[in-house]
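Structural features, examined
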Amino acid sequence: MDTVFIESLEVDTVIGAYDWERTIRQNLLVDLQMGWDNRPSAADDALHLALDYAAVSESINAFAQASHFELVETFAERLAALLMTEFNIPWLRLKITKPGAVANARGVGVEIERGCR
Ligand SMILES: Nc1nc2c(c(=O)[nH]1)N=C([C@H](O)[C@@H](O)CO)CN2
């Protein structure tokens, strides 16, 4: 299967398990690979047949704006379910990075794979 991807999309949200994190907004980086058959959109040169990465990015942004989870695991799981339903995505790999959360690490986070290729 082909993929459509979004790399290092920066969103801000309420995220964190500690008390001090509940009162601030922090940045997360979203890396997403989505399974899609790109042949129909390529054959007709038609956006309406493509998995529109701009529309997916807007949806991720809106989700982050409204969410306030403690764990990046929860953020990833709920976002994956939302995107698969909203855009009819059969398979995805989603990585959520929390930059600077751990001293001396550029980023920490989770990566999940859901659905069938
Ligand atoms: N597996 C996880 N471990 C930790 C998380 C998390 O979301 N998943 N979160 C924290 C704190 O919120 C931390 O990021 C604050 O710097 C600790 N461990």
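Source: prediction; values computed, not measured.

For the rest of this paragraph, the subject is the site of the ligand. The immediate surroundings of the ligand are formed by Gly16, Ala17, Tyr18, Glu21, Leu71, Val72, Glu73, Lys98 and Ala101. For the shell around the ligand, the per-class residue count stands at five nonpolar, one polar and three charged.

For the rest of this paragraph, the subject is the nonpolar core. Among the nonpolar cores identified, the biggest contains 20 residues, and Ala76, Leu79, Leu94 and Ile96 are the most heavily contacted of them. Contributing elements (two or more residues each) for this core: β1 (2-15), β2 (26-36), α2 (53-66), α3 (72-87) and β4 (91-99). The residues touching Leu79, leaving out its near neighbours within four places in the chain, are Ile60, Phe63 and Leu94.

Along its 16 residues, α3 runs 22 Å from first to last C-alpha, staying within 8% of the 22 Å computed at 1.5 Å per residue. Regarding α3, the residues found buried are Val72, Phe75, Ala76, Leu79, Ala80 and Leu83. Burial along α3 is one-sided: seen end-on, the buried residues are contained in an arc of 125°. For α3, the exposed residues set more than 90 degrees away from the buried face come down to Ala81 and Thr85. Where α3 terminates, the next one or two residues include Asn88, which has phi positive at roughly 55°.

Another point: the UniProt feature "domain: Dihydroneopterin aldolase/epimerase" (unreviewed entry) in the chain. The positions UniProt marks with the feature "domain: Dihydroneopterin aldolase/epimerase" (unreviewed entry) are residues 4-114. Between the end C-alpha atoms of residues 4-114 there is a gap of 15 Å, over a span that is 32% helix and 38% strand.

Taking 1.5 Å per residue as the helical rise, α2 with its 14 residues ought to reach 20 Å, and the 20 Å between its terminal C-alpha atoms agrees with that figure. All of the buried residues in α2 are Val56, Ile60 and Ala64. In a view along the axis of α2, the buried residues occupy a sector of 75°, so they form one face of it. Summarising the geometry of α2, the exposed residues directed more than 90 degrees from the buried face are Ala54, Glu58, Ala62, Gln65 and Ala66. Residues of α2 that are buried in the fold lie against β1, β2 and α3.

It is worth spelling out the sheet that holds strand β5 (residues 107-115) at this point. On the basis of which strands lie adjacent, the open sheet formed by five strands has the order β3-β1-β2-β4-β5 and mixed pairing. Both outer strands of the open sheet, β3 (68-69) and β5, are each paired with one neighbouring strand and no more. Note: β2 against β4, six bridges, orientation antiparallel. What sits directly across from Asp31, in β4, is Lys95. Against the sheet, α2 makes contact with β1 and β2, and its axis sits at roughly 20° relative to β1, the strand it touches most.

Thresholds, definitions, all that
- Residues numbered from 1 in each chain as written.
- Predicted model: local features only at pLDDT ≥ 70, side-chain atom pairs only at ≥ 80, totals over all residues.
- Near = placed C-beta within 6 Å.
- Nonpolar A, V, L, I, M, F, W, Y, C, P; charged D, E, K, R; others polar.
- Core = buried A, V, L, I, M, F, W, Y, C linked by C-beta atoms within 7 Å.
- Buried ≥ 20, exposed ≤ 12 C-beta atoms within 10 Å, placed from the backbone.
- Helix = DSSP H or I, 4+ residues; strand = E, 2+ residues; numbered from the N terminus.
- Contact = placed C-beta atoms within 7 Å.
- Expected span 1.5 Å × (residues − 1).
- Arc of directions from axis to C-beta.
- UniProt positions renumbered as here; feature names shortened; annotations may be inferred.
- Pairing = 2+ DSSP bridges.
- Axes fitted to C-alpha atoms, helices over the stretch in contact; angles between N-to-C directions.

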